[in-house]
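# A closer look at the structure
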2 protein chains.
Amino acid sequence: MRSLGLNVTIVGVGLIGSSIGLAAKKRNLGYVIGVDRDKSALEQARHRGAIDEGTVDLTRGVRAADVVIFCTPVDRVAALVKQAAEYARESAFFTDVGSAKGEIAAAVDAVSQVSGRFIGAHPLAGSEKQGGEHADADLFVDRCTVLTPTSATKRDTFQAIESFWRHLGAKVRKMSPEDHDRAMACTSHVPHLVAAALAGILPKGRRELAATGFRDATRIAGGDPELWTPILQHNRAAVLAVLGEFEERLSDFRAALTNQDSVRIDRLLTQGKKVRDALGS
Amino acid sequence: MRSLGLNVTIVGVGLIGSSIGLAAKKRNLGYVIGVDRDKSALEQARHRGAIDEGTVDLTRGVRAADVVIFCTPVDRVAALVKQAAEYARESAFFTDVGSAKGEIAAAVDAVSQVSGRFIGAHPLAGSEKQGGEHADADLFVDRCTVLTPTSATKRDTFQAIESFWRHLGAKVRKMSPEDHDRAMACTSHVPHLVAAALAGILPKGRRELAATGFRDATRIAGGDPELWTPILQHNRAAVLAVLGEFEERLSDFRAALTNQDSVRIDRLLTQGKKVRDALGS
């Protein structure tokens, strides 16, 4: 396949950033520059072939970019986008990969220099693993990447980033930032918080009794708090709302147990099982 | 290896019962009889080599047994043990594989005919899968099986069942029924209820956005309510206590989010991550 000749700049070469780099190189998308504060992460990404070149200097890294992808914790994205826009070409597109979209979209749309040229993206391909060493060129293949345009997003911005993700093998889906954030509160953010709470109350002396079921149920709690604290903060309102629904469901269980109402316990378990069975393995 | 010449009777040839049968046959423990109400389950178990012979008649199935292992939902164990003891030889040992031990132990110990000859066992090798078709001869290898003797349990009962599980490759651990039940409330029963609640509140329209993390976190919710409702009922007191601790932890998260206290959110996530990281993959 001929190279598409894109200049791609990836800001933050952790698991997702490096996976995007590997995926872009494998599929001949063009020249990939990595930007990171951590020189050894850049060196590792270059060594693995996730980037062609690395720099700690954002302004230098974005100068020739056609697409700049921000793969940092969500609380750093908006400021970095604004900074990058000052040094990038006017034709450059900006996107991110964060798990919470509303706050970033609002902050970026408020800046005339980038508004329209930025679109949020969220590849649903996270992992409890961290770091570029776990990067995978096929991480996004056949997985959903959600794009979250706003009324400010220009059509060619959407098309460029949609095409980019399609090239990496992703199934692209469009949602508003608000819909995305409400959905993720259900499917990801509250489950994360719940897993951390389950793991957090396990007494040390009982760890060796934690079998496969507990390990599965709490696996996501291994995620990096440096990523997850900002996500929960950014999506606070939706997380609190879903947490409320979850707490209500726990109260239903509590009442059924207290009343020794086995019909009700069975019904609550069956309801959960039906949803889980529908998801497949 | 020469056969140990044991007569083993397995009551209930689902996932665990059939796995015990396969494991016993593979390791030449002796002759295995399966007892089940479901003839097709018996036929399948025989076909797969998990049992040598199947019968729907408990009294016939236990007559020549050296060891009778009850692999039914926990609410049926005590009554079946009593019934079996009337027809089994006086030298026979009885055991089960249930996930809640206190109520069964108390019920069995109260019956002079079996008291002393019964010991509860719990192989920590469950699965969200059901049915003998998923049985595995090595399901118990290097996994922990907890034995829960009471003051009534005779030494030779303990030794016989301990030796049985060691032959199947399990690491045997001894706990009181009460300690076991409190530990399982933490490591298994509350996580199960939590997974069911998480899955239960997922709206249908958001299912396709549920990625690996959600699938992991809710996998155990696929377990059979026919098994799990009685487990939660049997271990009600400990489950309610641990559920209380869990709800408190959720309240901590709620307060931290409401107050936008990112230091506190980070601390709660970090606490969970530390425990989860200590468990390994």
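Below, the structure is looked at part by part. (Residues numbered from 1 in each chain as written. Chains lettered and ligands numbered in written order. Predicted model: local features only at pLDDT ≥ 70, side-chain atom pairs only at ≥ 80, totals over all residues. Heavy atoms only, no water.)

### With respect to the pattern of salt bridges
- Summed over all chains, the structure comprises 32 salt bridges over all chains.
- The partner of Asp52 of chain A in a salt bridge is Lys25 of chain A, with the nearest N and O atoms 2.8 Å apart. With a gap of 27 residues between them, Asp52 of chain A in the loop between α2 (39-48) and β3 (53-55) and Lys25 of chain A in helix α1 (residues 15-26) connect regions that are remote in the sequence.
- Assessed through its relative accessible area of 28%, Asp52 of chain A is described here as partly exposed.
- Note that Asp252 of chain B is salt-bridged to Arg264 of chain B, the shortest N-O span being 3.6 Å. Of this pair, Asp252 of chain B sits in helix α10 (residues 236-258) while Arg264 of chain B sits in helix α11 (residues 262-279), placing them 12 residues apart in sequence.
- Residues participating in the shared-partner salt-bridge network are Asp216 and Arg219 of chain A together with Asp216 and Arg219 of chain B. (Salt bridge = Lys/Arg side-chain N within 4 Å of Asp/Glu carboxyl O. Helix = DSSP H or I, 4+ residues; strand = E, 2+ residues; numbered from the N terminus. Buried < 20%, exposed > 50% of the residue type's maximum accessible area, 1.4 Å probe, protein only.)

### Focus: the sheet that holds strand β4 (residues 67-70) of chain B
All names here are of chain B.
- Spatial strand order, β3-β2-β1-β4-β5-β6-β7-β8: eight strands in an open sheet with mixed pairing. Every other strand in the sheet has two partners, leaving β3 (53-55) and β8 (171-174) as the edge strands with one partner each. On average, each strand axis in the sheet is inclined to that of its neighbour by 25°, with strand direction left out of account.
- Pairing analysis gives four bridges linking β4 to strand β5 (residues 93-96), with the strands arranged parallel. Bridge pairing links Phe70 to Asp96 in β5.
- Set on the sheet, helix α1 (residues 15-26) makes contact with β1 (6-11), β2 (30-35), β4 and β6 (118-123); between it and β2 the angle comes to about 165°. (Pairing = 2+ DSSP bridges. Axes fitted to C-alpha atoms, helices over the stretch in contact; angles between N-to-C directions. Contact = heavy atoms within 4.5 Å.)

### Some words on the packing of aromatic side chains
All names here are of chain A.
- The tally for this structure, following the rule as stated, stands at seven aromatic pairs over all chains.
- Relative to Trp165, the ring of Phe140 lies with its centre 5.0 Å away and its plane at 85°, an arrangement referred to as edge-to-face. Of this pair, Phe140 sits in the loop between β6 (118-123) and β7 (144-148) while Trp165 is found in helix α6 (residues 155-167), placing the two residues 25 residues apart along the sequence.
- Of the aromatic side chains, those joined through ring pairs into one cluster are Phe140, Phe164 and Trp165.
- The aromatic ring of Phe158 is capped on one face by Lys174, whose charged end is 5.4 Å from the ring centroid. (Phe/Tyr/Trp six-rings, centres within 6.5 Å; stacked < 30°, edge-to-face > 60°. Lys NZ or Arg CZ within 6 Å of the ring centre and 35° of its normal.)

### Considerations on the interface of chain A and chain B
- Each partner contributes to the interface: chain A provides 83 residues, whereas chain B provides 82 residues.
- Taking both sides of the interface into account, the surface hidden between chain A and chain B amounts to around 7,500 Å²; carbon and sulfur atoms contribute 66%.
- The three residues of chain A that bury the most area against chain B are Ile201, Leu209 and Leu257 of chain A, which together make up 10% of that side's buried surface.
- Here Asp216 of chain B makes a salt bridge to Arg219 of chain A, at a shortest N to O gap of 3.4 Å.
- Seen at the junction of chain A and chain B, the total is 20 residue pairs in polar contact (both at pLDDT 80 or more). (Buried area = accessible area lost by both parts, 1.4 Å probe. Polar contact = N/O pair within 3.5 Å; in protein donor to acceptor, adjacent residues only side chain to side chain.)

### Comments concerning the side chain of Thr59 of chain B
Residues and elements named next belong to chain B.
- Mapping Thr59 onto the fold places it in helix α3 (residues 58-62).
- The exposure class assigned to Thr59 is buried, which follows from its relative accessible area of 15%.
- Polar contacts involving the side chain of Thr59 include one to the side chain of Asp57, which spans 2.6 Å.

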